[in-house]
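Per-entry structural report
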Amino acid sequence: MSTHAAEHWHGIARGLEPDTGNFIDGVFQPALSGATFPSINPATGEVIAELPRSEQADVDAAVASAIGAFRRGDWSRLAPRDRMAILYRFADRLEAHADEFAAMDTLDMGKPISLMTEFDVPDSVYAFRFLAEAIDKVDGAVTATDPAALHYLIRQPLGVVGCISPWNYPLAMATWKVAPALAAGNTVVLKPAEQSPLSANLLARLFIEAGGPPGVFNVVHGYGEEVGRPLALHADVAKISFTGSAEVGRLMFRYAGESNMKRVSTECGGKSPQIIFSDTADLDRAVEYAVHGIYGNQGQVCNAGSRILVEHNIFDEFVQRFEQFARDNYQPGDPMDPETMLGPMVDGHQRSVVERYIESGIAAGAEHRRIGEVPEALSDGYYQPASFFVNVDNDMRIAREEIFGPVACLMPFRNSDDATRLANDSVYGLAASIWTADLNTAHRMARDLESGIVWVNCFDHLDMTMPWGGWKQSGHGRDKCIQSLIDHTQTKSVWIDLS
Ligand code: NAD
């Protein structure tokens, strides 16, 4: 827990002076049309800032800046250790502005400040440092070719990478997209989500302050159709690195096919199972992780453990403990208060999406239980109380589709085969957890679950050494990890005739 009180964070938030332009060639500038859109504080409904409502012409300008910088070579052909030094300085500056970033994302999307200070900001600093350090650890190869030739492979950057990020972790997801692209020597055009645009500008400004050349890191703001689409269709963009919904992720492949067959990497949603066996060594710990796993960040998490599968002989007891722990910890509150664990939804649209899912679950015959109410003092914000369903069938929409809100489905299972079948009966495959004291069950299920990530006796533990990404319609990219840097390079074969 942070030791800062809510008033401290409100003070920092009041003192913020966010940059409000597009960032192109190292300069903040309005949209060419002059149009803007508002960024809104979801805890109060108030407008924080107006950002450029960009379109094709702004995207063209940003891509021209990025490709110009790439060809100039003062980033793409910089000695690896010099590029590394700039990214280390960049990470230091990010860390020095930690409080500003924390207050900014909380103000912009309602994430509880304790998540910002404990995860988003330190994780982003770590990501830049880790990938900076990896820059000169990625080698080419000399192959075992005929002695009459020397054949070697070198790894080179791709060119301009279009990074499209979601709103649920504004700084952290922008970082996961931008950091490997920059580390590999590419130049970047970042299109942040329109719901939470502010911290992307601070990030881009700090890159220049750290010594990054202008044009290497550009930011264009606006709506998905108006900015993301032209970016993904652009003929001078070599790769789209996308994090967001499966619905929009699917479009990225279409855009690539309709334009220049650019590379596409997608990190999409999930319906992650948390599987709890009766022999788990510490049921209280399993309950706490299950609760945090679904209600953290108001359930607006790609790997939210939204399907909680519990062995039938402890189901009733588990439900009772789950409800109690959630009631004690996830009451709606001011997101600037370090004690608050449930802030507002990102906007009114997302809140109504969640409400419609709740109605659909009730109509399908599941039993809905609400944990707490929204106090009158918070009624201007887009708050959605935490809740869960029992009597759920895995065929119901609430169990199949990503709700992206603080709503869990609790379902009993009979044995490990039944749990595996239920867990895998999903179009998604991002993450899963298994809680058991039985080594065989843990290893067998870890092998059999159709999922990019499996946790045993924990949930949501992360590290930069761990590739982040899914199976099936959760996407196929791998963020973080050294592989993410390699994925932003391409090999070149050089054949020298020695005959
Ligand atoms: P979204 O798909 O609506 O939007 C993501 C981004 O795509 C935004 O910047 C948006 O403006 C842009 N976009 C929208 N329409 C577009 C179009 N037609 N062309 C190009 N770009 C377009 O997702 P969201 O609501 O911002 O984020 C929530 C989703 O992100 C959830 O599904 C969540 O699971 C997923 N997510 C996945 C991960 C992961 O690592 N797997 C991490 C965080 C979030």
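Just above, that's the structure.
A brief structural summary. (Residues numbered from 1 in each chain as written. Predicted model: local features only at pLDDT ≥ 70, side-chain atom pairs only at ≥ 80, totals over all residues. Heavy atoms only, no water.)

Overview of the overall build of the protein
Regarding its fold elements, the protein presents 16 helices and 21 strands. Taken along its principal axes, the extent of the C-alpha atoms in the protein is 75 × 60 × 45 Å. When the 499 residues of the protein are sorted by exposure, 58% land in the buried category. Within the protein, counting contacts between residues at least 6 apart in sequence, those at least 24 apart form 75% of the total. The centroid of the 41 positive side-chain charges in the protein is displaced by 6 Å from the centroid of its 66 negative side-chain charges. (Helix = DSSP H or I, 4+ residues; strand = E, 2+ residues; numbered from the N terminus. Buried < 20%, exposed > 50% of the residue type's maximum accessible area, 1.4 Å probe, protein only. Contact = heavy atoms within 4.5 Å. Lys, Arg positive; Asp, Glu negative; His and termini not counted. Charge placed at Lys NZ, Arg CZ, Asp CG, Glu CD.)

A closer look at the site of the ligand
Neighbouring the ligand are 30 residues, the closest being S165, E194, S245, C268 and E402. For the ligand, an oxygen atom lies 2.8 Å from a polar atom in the side chain of W167. In isolation the ligand offers 850 Å² of accessible surface; the protein chains occlude 91% of this area. Looking at the shell around the ligand, the elements that each hand over two or more residues are helix 8 (224-233), strand 10 (239-243) and helix 9 (246-258). Counted by class, the shell around the ligand contains 16 nonpolar, eight polar and six charged residues. (Near = heavy atom within 4 Å. Polar contact = N/O pair within 3.5 Å; in protein donor to acceptor, adjacent residues only side chain to side chain. Areas by Shrake-Rupley, 256 points an atom, 1.4 Å probe, with all protein chains shown as cover. Nonpolar A, V, L, I, M, F, W, Y, C, P; charged D, E, K, R; others polar.)

A closer look at the packing of aromatic side chains
What the rule picks out here adds up to 18 aromatic pairs. Here the aromatic rings of F37 and Y223 are separated by 5.2 Å at their centres, their planes lie at 45 degrees, and the arrangement is tilted. In this pair, F37 is assigned in strand 3 (residues 36-40) and Y223 in the loop between strand 9 (217-219) and helix 8, connecting sequence segments 186 residues apart. Here F37 falls in the buried class, since its relative accessible area comes to 2%. Residue Y223 is classed as partly exposed on the basis of its relative accessible area, which comes to 29%. Taking the centre distance of 5.0 Å and the plane angle of 70 degrees together, the rings of F277 and F413 count as edge-to-face. Linking F277 in the loop between strand 12 (273-276) and helix 10 (283-295) with F413 in strand 16 (residues 407-413), this pair joins segments that are 136 residues apart in sequence. Across the pair, F413 and F277 agree in class, each one buried. An aromatic cluster of three or more residues is present, and its members are W75, F90, F128, F207 and F217. (Phe/Tyr/Trp six-rings, centres within 6.5 Å; stacked < 30°, edge-to-face > 60°.)

Concerning the pattern of salt bridges
In total, this model carries 27 salt bridges according to the counting rule given. The salt bridge involving D425 is made with R400; its shortest N-O contact spans 3.0 Å. Taken as a pair, D425 in the loop between helix 14 (416-424) and strand 17 (428-429) and R400 in helix 13 (residues 397-400) lie far apart in primary sequence, 25 residues in all. Salt bridges linked by common partners bring D19, R93, R205 and E209 together as one network. (Salt bridge = Lys/Arg side-chain N within 4 Å of Asp/Glu carboxyl O.)

Some thoughts on the environment of P166
With respect to the element layout, P166 can be found in the loop between strand 7 (160-164) and helix 6 (170-183). Owing to a relative accessible area of 14%, P166 belongs among the buried residues under this scheme. Between the C-alpha atoms of P166 and N424, which are 258 residues apart in sequence, the distance is 26 Å. For P166, the residues in contact, after removing those within four places along its chain, are M173, A193, S196, T243 and G244.

So, the nonpolar core
Buried together is how nonpolar side chains tend to be arranged in soluble globular proteins. Membership of the largest hydrophobic core comes to 58 residues, with the highest contact counts inside it found for L87, F90, F128, L190, L203, F207 and F217. Per-element accounting of this core gives the leading share, 10 residues, to helix 5 (residues 113-134). Excluding anything up to four places from it in sequence, F128 contacts L87, F90, A91, L94, T175, V178, A179 and L203. One finds A290, I294, I314 and F388 within the second-largest nonpolar core, a separate group that totals 42 residues. (Core = buried A, V, L, I, M, F, W, Y, C linked by side-chain atoms within 4.5 Å.)

Remarks on the sheet that holds strand 21 (residues 489-497)
A sheet is described by the order of its strands in space; here three strands give the open sequence 5-6-21, paired in antiparallel fashion. The outermost strands of the open sheet, each flanked by one partner alone, are strand 5 (141-142) and strand 21. As defined by bridge partners, strand 6 (residues 149-157) adjoins strand 21 across nine bridges and the pair is classed as antiparallel. Within strand 21, the position partnered with L153 by the bridge is S493. (Pairing = 2+ DSSP bridges.)

Brief notes about the sheet that holds strand 15 (residues 386-390)
If you trace the seven strands from one edge of the open sheet to the other, you get 14-15-16-13-12-18-19, paired in mixed fashion. At either margin of the open sheet sits one strand with a lone partner, and together these are strand 14 (367-371) and strand 19 (453-456). Strand-to-strand, the axes of this sheet are offset by a mean angle of 20 degrees, without reference to chain direction. Relative to strand 18 (residues 431-435), strand 12 is paired through three bridges, and the arrangement is parallel. Counterpart to I275 in the pairing with strand 18 is I434. (Axes fitted to C-alpha atoms, helices over the stretch in contact; angles between N-to-C directions.)

Here we look at a nonpolar patch on the surface
Taken together, the side chains of V142, L150, I496 and L498 make up a nonpolar region of the molecular surface, amounting to roughly 340 Å² of accessible area. Following the sequence through the fold, L498 ends up in the segment after strand 21. (Patch = residues over 30% accessible without salt bridge, like charges linked within 9 Å, V, L, I, M, F, W, Y side chains within 5 Å.)

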